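Letter by letter, the chains look like this.
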Amino acid sequence: MKFKWIPGFIFLIAVFFYTSCEESRGIKIASFNLQVFGTTKASKPEVMSVLSAIMTNFDLIALQEIRDSGGQSLPALVASVNALNAGDYDYVVGPREGRTSSKEQYAFIYNKKTVRYLSQSYLYPDTLDVFEREPFMAYFQVSNFTFVLADIHTKPDDANAEIMALSDVMTNASAVFNDPDVIILGDYNSDGSYFSESIASGFRDALKYRWIISDDLDTTVGTQDLTYDRIVTPSDMAHYSGKHGVFRFDEAYSVPDA
């Protein structure tokens, strides 16, 4: 099977959180940049089949770069996931965002058997217009553990400023949802010429924030070795299990990039 659809940085990143001290109570959270996901990809059964199979590995997935003005592609993907009978998945999606005519949406797909969406979502009020696409947040619960997920896809040329502003996003989210457990995940573009990984202050302050995906992990495909995609929590967040990684879906599902 050959079809060109794998973009430059859509490795799925998984991290485990636990709702109690029992490891059996774990969930898997992931981030996935679908890169220009719209009607073209949604119309290809072979693409949707692989994407659906990928989704079933996780309880909660943050998606970036949904580009579909008609709003049909995401529901089609969730229906495809549910058709696999691997779970009862649903989704929450944000508004179309972007300063130009090229708009994107964030979304969360979640397994209703393991994760409860608390019917609260929120777009960060970016009064200073720092973000090309303001982080989209939603409130979830697993057993007695409640938490906020904030989805982000930075503009590459503005990655440094946008990443540093995520400290304000975390503070804002914690206040709005009255919950200290905030997880900011997505495509940060946080490596290479876009961002200096040597920064040790602000949102990179290790005393305040835990960068779960470390600087040495490769979250790209092809010949690049860059850590664009990240998951960040407060440093004292108690429910992180310490387990994380990059899911090589291309190897797991034998998907070539051409």
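Structure: see above.
The structure displayed is predicted, hence computed values, not measured ones.

Draft legend 1. Molecular detail of the environment of Asp225. Mapping Asp225 onto the fold places it in the loop between strand E10 (209–211) and strand E11 (229–234). A relative accessible area of 55% places Asp225 in the exposed class. The spacing of Asp225 and Gly192 is 33 residues in sequence and 9.0 Å in space, taken between C-alpha atoms. The contact partners of Asp225, leaving out residues within four places of it in the chain, are Asp191, Asp218 and Thr220.

Draft legend 2. Structural context of the side chain of Asp68. Among the structural elements, Asp68 can be located in the loop between strand E3 (60–66) and helix H3 (73–83). A polar contact is formed between the side chain of Asp68 and the backbone nitrogen of Gln72, at a distance of 2.9 Å. For Asp68, the contacting residues outside a window of four places in its chain are Phe37, Gly38, Thr39, Ser73, Arg96 and Gln105.

Draft legend 3. Just the packing of aromatic side chains, in detail. Using the criterion set out here, one finds 16 aromatic pairs in the structure. On the basis of an interplanar angle of 50 degrees and a centroid distance of 4.7 Å, the ring pair of Phe203 and Tyr209 is categorised as tilted. The burial state of Phe203 is the same as that of Tyr209; both residues are buried. Of the aromatic side chains, those joined through ring pairs into one cluster are Phe108, Tyr110, Tyr117, Phe136, Phe140, Phe145 and Phe147. Just above the ring of Phe58 sits the side chain of Lys28; from NZ or CZ to the centre is 5.8 Å.

Analysis parameters
Residues numbered from 1 in each chain as written. Predicted model: local features only at pLDDT ≥ 70, side-chain atom pairs only at ≥ 80, totals over all residues. Heavy atoms only, no water. Helix = DSSP H or I, 4+ residues; strand = E, 2+ residues; numbered from the N terminus. Buried < 20%, exposed > 50% of the residue type's maximum accessible area, 1.4 Å probe, protein only. Contact = heavy atoms within 4.5 Å. Polar contact = N/O pair within 3.5 Å; in protein donor to acceptor, adjacent residues only side chain to side chain. Phe/Tyr/Trp six-rings, centres within 6.5 Å; stacked < 30°, edge-to-face > 60°. Lys NZ or Arg CZ within 6 Å of the ring centre and 35° of its normal.

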